Amino acid sequence: MIDPNDLLFLLQGVPATLAISFLSFGIGFALGIPIAVARQMSPSLSYLMEAYEKAFRGIPVLVFMLLFYFGLGGFVPFLKDPFTCAVVALGLRSGAFQSQIFRGAINSVDKQQMMAALSLGMTKTEAFRYVILPQAFIVALPGLGSEISLLIKDSSYAFILGVLELTKHADILRKASRSFVFPYLMAAVLYILMTFPIANYLDKWGSRLKTKYGLR
Amino acid sequence: MEVLACKGLRKVYGDLEVLKGIDFSINKGETKVIIGPSGSGKSTFLRIMGLLEPPTEGKVFFEGKDVYGENLNLNMIRAKIGFVFQDPSLFRHLTALENVKLGLKVVLKMSDEEATKKAMETLKLVRMDEWADYYPAQLSGGQQQRVGIARALAMDPDIILFDEPTASLDIELTWEVIDVMKDLARRGITMLVVTHEIGFAKEVADEIVLMDSGRIVESGPPEQMLKSPKTERAREFLGRLLGGV
Amino acid sequence: MYFILEYSQFIIEGFYVTVTMTLVGLAGGVVLGVLSALGDVYGGKLLKIIINSYVEFFRGSPLIVQLLIFYYSIPAITGVKWDALTAGSLTLMLNSGAYQKGYFKGAIEAVFKDQLIAAKSLGMTFPQTLRHVVLPQALRIVIPPWTNEYVSLGLSTSALIVIGIRELTNVAVSISAQTFRPLEVYLFIGLIYFVWITLSLKVLDWVYNKVKIPGLAVSEVM
């Protein structure tokens with residue numbers, strides 16, 4: 001019933017999908033923590049960061065992709081590459097989302113912990129680095145899990161820019177094989193096989209660590 | 001006239017036998033107090049008598065009718081058995097007044113006007129009428145518990161069951177609730193109370209019932225139970241309870 | 001940027017489609033979300049399995065793929081022909097229902113068991129308890145997290161472009177192609193989304209403050 005060649009063709013889209021997702025997650029991670037900490041520690045920077053977060057929470061990521069690709073591609077050469085452009089747009093949005101996740105996690109850490117660290121003579125930065133962030137990271141794990149699976153799903157927007165990821169492969173296969181059912185359904189299954197274990201694993205890992213360290 | 005009774009009541013949770021055969025009855029106008037160490041099955045017994053869960057074995061009688069034997073509408077009987085919980089369990093989205101009104105309107109099908117009138121009267125009885133428009137979260141534990149009593153009382157039940165109504169309250173708050181309960185006992189309301197407030201039992205109970213390990217160990221009028229209990233187990237438990245006061 | 005005003009008719013039509021599709025998806029999603037949450041909390045084993053497979057499918061795969069399935073695959077399997085708007089609405093409803101189920105389930109579970117027992121002790125039936133105790137509490141608790149779903153579905157409607165629906169992003173693509181001024185066009189369209197979402201959040205916040213009750217919020221419950 002299922003042509004193994006069709007399946008193989010679809011599977012060729014998986015690496016690109018995972019690459020977009022993990023690269024943009026990396027960008028988001030690199031942006032998210034400093035922004036969360038900066039918003040916590042410096043009120044003046046806060047406004048700028050807040051504007052950035054609000055922009056990415058209030059405008060579709062597809063509009064950003066189109067804006068970067070067609071609008072800025074002329075000035076910024078690397079945005080002319082659809083793959084890079086998708087990674088940048090998703091990565092910037094992920095930074096906004098992850099900063100929110102880390103901010104929530106930092107706020108959930110008991111205020112006494114900061115006091116205790118300061119009472120030992122640590123600076124505020126040291127207290128953040130050695131006491132608050134390690135705890136916040138554990139609390140943030142389930143949120144990070146959902147963020148990765150969100151990125152895997154939203155990497156499909158790159159299909160609209162023509163990136164050869166999983167959805168694009170399914171679309172090509174639909175046109176080539178004239179089969180309207182298999183390509184898309186199989187693609188959905190492959191996406192679920194990618195999103196489900198990752199989100200689940202981080203969720204379980206997070207709650208195990210939370211119990212271990214008695215965090216809420 | 002017998003209001004509530006049970007025969008051969010057993011309750012088993014998994015491997016754990018919580019009630020091991022209980023015979024009990026309470027008549028109209030009586031106040032009975034159940035005491036006993038924690039884990040003795042008092043609360044389970046009370047919940048079964050309140051028809052909040054079924055027994056594993058045995059019969060529950062309400063006004064002479066076998067509750068689970070005949071094909072009776074359990075909800076209509078529950079409406080006639082008031083229940084006051086340890087944690088007041090007020091409906092958190094409703095004000096004190098609305099909490100008391102809900103059962104009147106939904107179960108007894110009173111009009112809004114009737115229900116308001118009845119609820120206000122009852123809140124006055126528990127001295128909570130001035131707090132009618134406050135939400136549970138805005139009331140103290142003792143105030144919440146008095147609203148809980150009013151919610152049960154307003155239904156004009158034939159009996160009210162109290163499951164350690166003061167156990168989670170501070171001492172001062174305990175008094176305001178106990179005062180209201182004494183009031184009700186004096187008005188002739190039939191009450192079955194699980195509590196460790198021995199003063200309450202002494203003053204208003206017709207009978208004290210001691211439970212231990214899922215059985216009724218001994219029961220009798222307060223004077224006799226408190227001064228000269230017959231069983232060794234009762235002497236020991238009451239000795240500790242009274243000694244601690 | 002005045003050239004964009006020449007296309008205001010287009011933009012307004014696109015915006016109308018975007019808002020309508022969002023509201024249709026949310027409304028259908030509320031119904032599906034509440035029903036599946038109730039089924040998952042109070043239902044039997046089989047029902048739970050069915051509900052969770054539905055949720056897993058729609059939460060685990062991209063909306064774009066779901067849209068393609070509803071536009072191409074389902075008509076091919078069933079032989080029932082429908083237009084893009086129907087396929088799009090159905091997909092958005094089912095997709096949103098799967099996410100909303102999570103929010104409603106959390107809120108229903110936040111209505112503690114003691115509330116159900118208290119209702120039982122008054123002689124209330126299960127449907128009466130649902131209507132007078134569980135839903136009034138759960139619906140209030142759910143508003144703040146539910147707000148996220150409004151925003152995320154609203155922005156996700158841009159995916160409707162893949163089945164050719166003329167929503168706001170699709171309109172932007174056409175204008176950009178006609179005018180060769182993508183920078184201004186996408187910035188302007190982005191601004192429309194931004195203002196719409198921001199205002200919606202303000203309205204939802206106002207509604208929440210209207211109906212909220214002391215002691216009844218997610219943070220105070222959990």
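For the structure itself, consult the block above.
Residues numbered from 1 in each chain as written. Chains lettered and ligands numbered in written order. Predicted model: local features only at pLDDT ≥ 70, side-chain atom pairs only at ≥ 80, totals over all residues. Heavy atoms only, no water.

### Here we look at the overall build of chain C
Alright, step 1. Each helix and strand in chain C was counted, giving 9 helices and 0 strands.
Alright, step 2. In chain C, the succession of α and β elements from N to C terminus is α-α-α-α-α-α-α-α-α.
Alright, step 3. Overall size of chain C, expressed as C-alpha extent along the three principal axes, is 70 × 45 × 25 Å.
Alright, step 4. Here chain C holds 222 residues, and 54% of them are scored as buried.
Alright, step 5. Just so you have it, chain C exposes about 9800 Å², and 69% of that area is on carbon and sulfur atoms.
Alright, step 6. The centroid of the 15 positive side-chain charges in chain C is displaced by 10 Å from the centroid of its 12 negative side-chain charges. (Helix = DSSP H or I, 4+ residues; strand = E, 2+ residues; numbered from the N terminus. Buried < 20%, exposed > 50% of the residue type's maximum accessible area, 1.4 Å probe, protein only. Areas by Shrake-Rupley, 256 points an atom, 1.4 Å probe, with all protein chains shown as cover. Lys, Arg positive; Asp, Glu negative; His and termini not counted. Charge placed at Lys NZ, Arg CZ, Asp CG, Glu CD.)

### A look at the interface of chain C and chain A
How big an interface is tends to be stated in terms of accessible area lost as the parts join.
Alright, step 1. Contacts between the two partners involve 32 residues from chain C, matched on the other side by 31 residues from chain A.
Alright, step 2. Here chain C packs against chain A, burying approximately 2800 Å² in sum over the two surfaces, 80% of which is carbon and sulfur.
Alright, step 3. Only α2 (45-60), α3 (63-78), α6 (126-156), α7 (168-179) and α8 (182-211) of chain C provide two or more residues apiece to the side of chain C that touches chain A.
Alright, step 4. Tallied by class, residues from the side of chain C that touches chain A come to 23 nonpolar, 7 polar and 2 charged. (Contact = heavy atoms within 4.5 Å. Buried area = accessible area lost by both parts, 1.4 Å probe. Nonpolar A, V, L, I, M, F, W, Y, C, P; charged D, E, K, R; others polar.)

### Points about the pairing of strand β6 (residues 81-84) of chain B
Every regular strand shows the same layout, with side chains that alternate between the two sheet faces.
Residue and element names in this part refer to chain B.
Alright, step 1. On β6, burial covers both faces: I81 and F83 on one face and G82 and V84 on the other are all buried.
Alright, step 2. Of the strand pairs in this sheet, β6 and strand β7 (residues 159-163) are connected by 4 bridges, and their pairing is parallel. Residue pairing for β7: F83 is matched across the bridge by L161. (Pairing = 2+ DSSP bridges.)

### Observations concerning the arrangement of the chains
Alright, step 1. No other pair among the 2 pairs of chains in contact exceeds the contact count of chains A and C.
Alright, step 2. The smallest C-alpha distance separating chain A from chain B is 23 Å, and no contact links them.

### Some thoughts on unusual backbone geometry
Alright, step 1. Phi is positive for B:K109, which is not a glycine, with a value near 55°.
Alright, step 2. Along the chain, the position of B:K109 falls in the loop between α3 (96-106) and α4 (112-125).
Alright, step 3. The residue C:F180 is not glycine, and still its phi comes out positive at about 55°.
Alright, step 4. By secondary structure assignment, the location of C:F180 is in the loop between α7 and α8.

### Some remarks on a nonpolar patch on the surface
Residue and element names in this part refer to chain C.
Alright, step 1. Together, L191, V195 and L199 make up a nonpolar patch on the protein surface, roughly 280 Å² of accessible area in all.
Alright, step 2. In this structure, L191 sits in helix α8.
Alright, step 3. Of the residues examined, L191 reaches a relative accessible area of 48% and is grouped as partly exposed. (Patch = residues over 30% accessible without salt bridge, like charges linked within 9 Å, V, L, I, M, F, W, Y side chains within 5 Å. Salt bridge = Lys/Arg side-chain N within 4 Å of Asp/Glu carboxyl O.)

### Focus: helix α9 (residues 182-213) of chain A
Alright, step 1. Compared with the 46 Å implied by 1.5 Å per residue over 32 residues, the 47 Å span of α9(A) between its first and last C-alpha is a close match.
Alright, step 2. Following α9(A) by one or two positions, A:G214 has its phi on the positive side, about 65°. (Expected span 1.5 Å × (residues − 1).)

### Thoughts on the interface of chain C and chain B
Alright, step 1. In this complex, chain C contributes 26 residues to the contact, which on the side of chain B involves 24 residues.
Alright, step 2. When chain C packs against chain B, close to 2100 Å² is buried across both sides, 63% of that on carbon and sulfur atoms.
Alright, step 3. Three residues, C:K120, C:S121 and C:L122, lead the burial of chain C against chain B; their summed loss comes to 29% of the area buried on that side.
Alright, step 4. For the interface between chain C and chain B, the tally reads 0 salt bridges.
Alright, step 5. Inspection of the chain C/chain B interface yields 9 residue pairs in polar contact (both at pLDDT 80 or more).
Alright, step 6. For the side of chain C that touches chain B, the secondary-structure elements that each account for two or more residues are α5 (113-121) and α6 of chain C.
Alright, step 7. Counted by class, the side of chain C that touches chain B contains 15 nonpolar, 8 polar and 3 charged residues. (Polar contact = N/O pair within 3.5 Å; in protein donor to acceptor, adjacent residues only side chain to side chain.)

### Brief notes about the packing of α3(B) against helix α5 (residues 141-153) of chain B
Residues and elements named next belong to chain B.
Alright, step 1. Look at α3 against α5: their axes get within 8 Å of each other, and the N-to-C directions meet at 25°. Relative to α5, α3 is oriented roughly parallel. Classified by chirality, the crossing of α5 by α3 is right-handed. When α3 is examined against α5, the residues A96, N99 and V100 are found in contact with a partner set consisting of V147, A150 and R151.
Alright, step 2. In terms of residue class, the contact of α3 with α5 is built from 4 nonpolar, 1 polar and 1 charged. (Axes fitted to C-alpha atoms, helices over the stretch in contact; angles between N-to-C directions. Parallel < 35°, antiparallel > 145°, perpendicular 65-115°, else oblique. Left-handed = near helix turned anticlockwise from the far one by under 90°.)

### Focus on the pattern of salt bridges
Alright, step 1. A complete count under the given rule lists 30 salt bridges over all chains for this structure.
Alright, step 2. The salt bridge partner of B:E236 is B:R240, with a shortest N-O separation of 3.6 Å. Remark: B:R240 and B:E236 occur in helix α9 (residues 232-244); sequence separation between them is 4 residues, near one turn of the helix.
Alright, step 3. B:E236 gets classed as partly exposed once you look at its relative accessible area, which sits at 41%.
Alright, step 4. Its relative accessible area of 53% is what places B:R240 among the exposed residues.
Alright, step 5. C:D40 is paired through a salt bridge with C:K105; the nearest N and O atoms lie 3.2 Å apart. Taken together, the positions of C:D40 in helix α1 (residues 8-42) and C:K105 in helix α4 (residues 84-110) put the pair 65 residues apart, joining distant regions of the chain.
Alright, step 6. The exposure class assigned to C:D40 is buried, which follows from its relative accessible area of 7%.
Alright, step 7. A relative accessible area of 23% places C:K105 in the partly exposed class.
Alright, step 8. What you see here is one network of salt bridges that share partners, running through A:R39, A:E50, A:E53, A:K54, A:R57 and A:R103.

### Some remarks on the sheet that holds strand β2 (residues 16-27) of chain B
Residue and element names in this part refer to chain B.
Alright, step 1. In spatial order, the strands read β2-β1-β4-β5; together these 4 strands make up an open sheet with antiparallel pairing. Only two strands of the sheet have a single partner each, and these edge strands are β2 and β5 (65-66).
Alright, step 2. Where strand β4 (residues 57-62) lies against β5, 2 bridges are found, and the strand directions are antiparallel. Within β5, the residue paired with F61 across the bridge is D66.
Alright, step 3. Of the strands in this sheet, β1 (2-13), β2 and β4 touch helix α1 (residues 42-49), which is tilted by about 125° from β1.

### Some thoughts on the side chain of A:T195
Alright, step 1. Mapped onto the fold, A:T195 is located in helix α9.
Alright, step 2. Apart from the residues within four sequence positions on either side, A:T195 is in contact with A:S149, A:I152, A:K153 and C:G60.

### Overview of the side chain of A:D171
Alright, step 1. Within the secondary structure layout, A:D171 lies in helix α8 (residues 166-177).
Alright, step 2. Discounting residues that sit within four places of it in the chain, A:D171 has contacts with A:F159 and A:Y184.

### Brief notes about helix α4 (residues 61-72) of chain A
Alright, step 1. In terms of residue burial, α4(A) counts as a mostly covered element, since 10 of its 12 residues are buried.
Alright, step 2. On the buried face of α4(A), the contacting elements are α3 (43-58), α5 (82-108) and α7 (124-154) of chain A together with α7 and α8 of chain C.

### Re the nonpolar core
Alright, step 1. Judged by nonpolar contacts, the single largest core of 127 residues is most densely connected at A:L10, A:L166, C:I11, C:V162, C:I189 and C:Y193.
Alright, step 2. Top element by residues in this core is α7(A). It accounts for 13 residues.
Alright, step 3. Setting aside residues up to four positions removed in sequence, C:I189 forms contacts with C:I11, C:L168 and C:A172. (Core = buried A, V, L, I, M, F, W, Y, C linked by side-chain atoms within 4.5 Å.)

Note that every value here comes from positions in space, so none of it alone points to a role or purpose.
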